[in-house]
Amino acid sequence: MRRARPAELVPGTVRVITARMDYLPHGADAAWSEQEHARLRTPHEAVVSVYARGRDYHKVLRQRLQQLADRLAEAIGPFGHRVFTDSAPVLEVELAQRSGIGWRGKHTLVLSREAGSTFFLGEIYVDLPLTLTDSTSSHCGSCSACIDVCPTQAIVGAYRLDARRCISYLTIEHDGAIPVELRPLMGNRIYGCDDCQLVCPWNKYAQRSSLPDFEWREVWDAPQLITLWGWSEEEFAHHTQGTALRRIGHARWRRNLAVALGNAWRETGDPAIAQALQAARPTADALLAEHIDWALSQGSAQR
């Protein structure tokens, strides 16, 4: 109930200040969504969700929300507050919709007429009786592009998502074996999935961030699956330092890559992929070994 009753999460809360922070890098091309679709059609290339290619948004947004709270305190005096960025039982989308940031799209993300959906959400719970802002009406109409495009059909209906099938959940939050029937549908996505956003007509209005924090790191420009597969745990830690990718850990990272390599092996028949997988098999733990064996079996599917 703490999700639905903010005062039970932070005693004394009477209002929630909601905020959005755009994350497309400043230099993103106007055809950025088409470029992302091209990545998905390149089996050897690893696809990392757009939002995760820069600095960890938890760090950036939380810090800036705290700065906002500090400036409010300077203006009006001390007040009770707590800052959240995807870090507690907070109904972020519902709060954002009720406060006028946007409406809930059929893919369950917040959509804005001015900014599409390429932004993060954050909140400040306060004990100030601020004036309420108006909510925003929905503007999805009869469009079902996000539902139709989902690779695993995780969007089971308008405004309904089955997280157990969602590639973002499977590659980031899920800690065990990825269901076998969903592996071929994951393609070369190794961290997150942007498909429902890439096809959304409202993202032609996606805003660019002015923050250097969200500029894409060079390593994610066109990463090759075999190159990433070759990273040691130390190299993984080095390349993901300060990013959201770090949180999945090396074991889940390798699991995701094994699935993507299996899909690339089926698509391309490149023997280098099989060799890389076979070389890692003897030292793999039980979870990774099972995914490697599945990946290697995709060669017979290709033939």
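Everything numeric in this text was worked out from a predicted model, so none of it was measured. (Residues numbered from 1 in each chain as written. Predicted model: local features only at pLDDT ≥ 70, side-chain atom pairs only at ≥ 80, totals over all residues. Heavy atoms only, no water.)

Caption draft 1: Structural detail: the nonpolar core. If you look at the biggest cluster of nonpolar residues, it comprises 60 residues, and the most contacted ones within it are Tyr51, Ile190, Tyr191, Trp229 and Trp253. For this core, the element with the most residues is helix 10 (residues 249-268), which contributes eight residues. Residue contacts for tyrosine 51: discarding those within four places in its chain leaves Tyr23, Tyr57, Phe120, Ile172, Tyr191 and Ala244. (Core = buried A, V, L, I, M, F, W, Y, C linked by side-chain atoms within 4.5 Å. Buried < 20%, exposed > 50% of the residue type's maximum accessible area, 1.4 Å probe, protein only. Helix = DSSP H or I, 4+ residues; strand = E, 2+ residues; numbered from the N terminus. Contact = heavy atoms within 4.5 Å.)

Caption draft 2: How the structure looks around the sheet that holds strand 3 (residues 81-84). Read across the sheet, three strands follow the order 1-6-3 without closing on themselves; strand pairing throughout is antiparallel. Of all the strands in the sheet, just strand 1 (15-22) and strand 3 have a single pairing partner and so form its edges. Taken over all neighbouring pairs, the strand axes of this sheet differ in orientation by 20° on average, direction set aside. Bridge count for strand 1 against strand 6 (residues 119-126) is eight bridges, and the pairing is antiparallel. When the sheet's bridge partners are listed, aspartate 22 is paired in strand 6 with phenylalanine 119. This element, helix 3 (residues 57-76), spans strand 1, strand 3 and strand 6 of the sheet and lies at about 40° to strand 6. (Pairing = 2+ DSSP bridges. Axes fitted to C-alpha atoms, helices over the stretch in contact; angles between N-to-C directions.)

Caption draft 3: Examining helix 3 more closely. When the terminal C-alpha atoms of helix 3 are compared, their 28 Å separation across 20 residues agrees well with the 28 Å that a helix rising 1.5 Å per residue should span. Tyr57, His58, Val60, Leu61, Leu65 and Ala69 are the residues of helix 3 that are buried. On the buried face of helix 3, the contacting elements are strand 1, strand 3 and strand 6. Two residues or fewer past helix 3, glycine 77 is found with a positive phi of approximately 100°. (Expected span 1.5 Å × (residues − 1).)

Caption draft 4: Spotlight on the pattern of salt bridges. A complete count under the given rule lists 14 salt bridges for this structure. Among the ionic pairs, aspartate 162 bridges to arginine 164, the shortest N-O distance being 3.0 Å. For arginine 164, a relative accessible area of 62% puts it in the exposed group. A salt bridge links arginine 247 to glutamate 173, with the nearest nitrogen and oxygen atoms 3.0 Å apart. Of this pair, arginine 247 sits in the loop between helix 9 (233-239) and helix 10 while glutamate 173 sits in helix 6 (residues 167-173), and the two are 74 residues apart along the sequence. Look at the salt bridges and you will find they share partners, linking Glu36, Arg39, Glu45 and Arg53 into a network. (Salt bridge = Lys/Arg side-chain N within 4 Å of Asp/Glu carboxyl O.)

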